[in-house]
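Structural characterization, general
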Amino acid sequence: MKRATTLTGALILALAATSMPVMAQDGQAKEGPRGHRGQMFNFDDVDANGDGKVTQDEIAAHGAARFAAADTDGDGSLSVDEMVANMDRKREERMRKGAERMIERRDANDDGQLTADEMTPRNGDRMFARLDADKDGAISKEEMEDARKSHKGQRKGERGEHGKRGMKPDTSE
């Protein structure tokens, strides 16, 4: 009996330690252009007693509950199938929330669905003009690659002159 208790305690501690990065993937943070960012876990979910503080016991309990939810056959371990099913469920929840947000933003007639017109980017003309650097009425492969490179720099937080994102840093010194 003592061995089972020790093993259970060790499992809970291991789970709590390993569940922190997983909690970060749950999308419990600020929304950014590429999805969820920020916090390590959703504070309110882990703060079980609502006192505005998270203890190690609350983190361990939250991790144990997450493990138990993923352990669908209740055998105390996670198989590949259980882990994949849990990841699929979480991915589906994130995708559903993203679709709901998109419909909320673009559904001009409030019917809960998007038409092709509602899906068309509102700033499509401006975007095309920005990509068409040589203003010839077409976007070349080179122009698209330049835009991708600029966008990658923007995502990495590079700042150029005047601190504007996406501008190439001034290296003329």
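Presented here is an overview of the structure given in this document.

What counts, and at which threshold
- Residues numbered from 1 in each chain as written.
- Predicted model: local features only at pLDDT ≥ 70, side-chain atom pairs only at ≥ 80, totals over all residues.
- Heavy atoms only, no water.
- Helix = DSSP H or I, 4+ residues; strand = E, 2+ residues; numbered from the N terminus.
- Buried < 20%, exposed > 50% of the residue type's maximum accessible area, 1.4 Å probe, protein only.
- Lys, Arg positive; Asp, Glu negative; His and termini not counted.
- Salt bridge = Lys/Arg side-chain N within 4 Å of Asp/Glu carboxyl O.
- Polar contact = N/O pair within 3.5 Å; in protein donor to acceptor, adjacent residues only side chain to side chain.
- Contact = heavy atoms within 4.5 Å.
- Expected span 1.5 Å × (residues − 1).

Focus on the side chain of Glu-58
- Mapped onto the elements, Glu-58 comes out in helix α3 (residues 56-70).
- Among buried charged residues, Glu-58 stands out as having no salt bridge; its nearest opposite-charge side chain is Lys-53, 9.9 Å away.
- Only 3.3 Å separates the side chain of Glu-58 from the backbone nitrogen of Asn-49, close enough to count as a polar contact.
- With residues near it in sequence (within four places) discarded, Glu-58 still touches Val-46, Asp-47, Ala-48, Asn-49 and Lys-53.

Brief notes about the environment of Gln-56
- Mapped onto the elements of the fold, Gln-56 is located in helix α3.
- Each C-alpha atom of the pair Gln-56 and Val-46 lies 9.9 Å from the other, and the pair is ten residues apart in sequence.

Describing α3
- Taking 1.5 Å per residue as the helical rise, α3 with its 15 residues ought to reach 21 Å, and the 21 Å between its terminal C-alpha atoms agrees with that figure.
- Turning to α3, its buried residues are Glu-58, Ile-59, Ala-60, His-62, Gly-63, Arg-66, Phe-67 and Ala-70.

Comments concerning the pattern of salt bridges
- All told, the structure shown has three salt bridges when counted by the stated rule.
- One salt bridge in this structure joins Arg-148 and Glu-145, with 2.9 Å as the shortest N-O distance. Placement of both Arg-148 and Glu-145 in helix α7 (residues 141-155) is noted, with a separation of three residues, approximately one turn of the helix.

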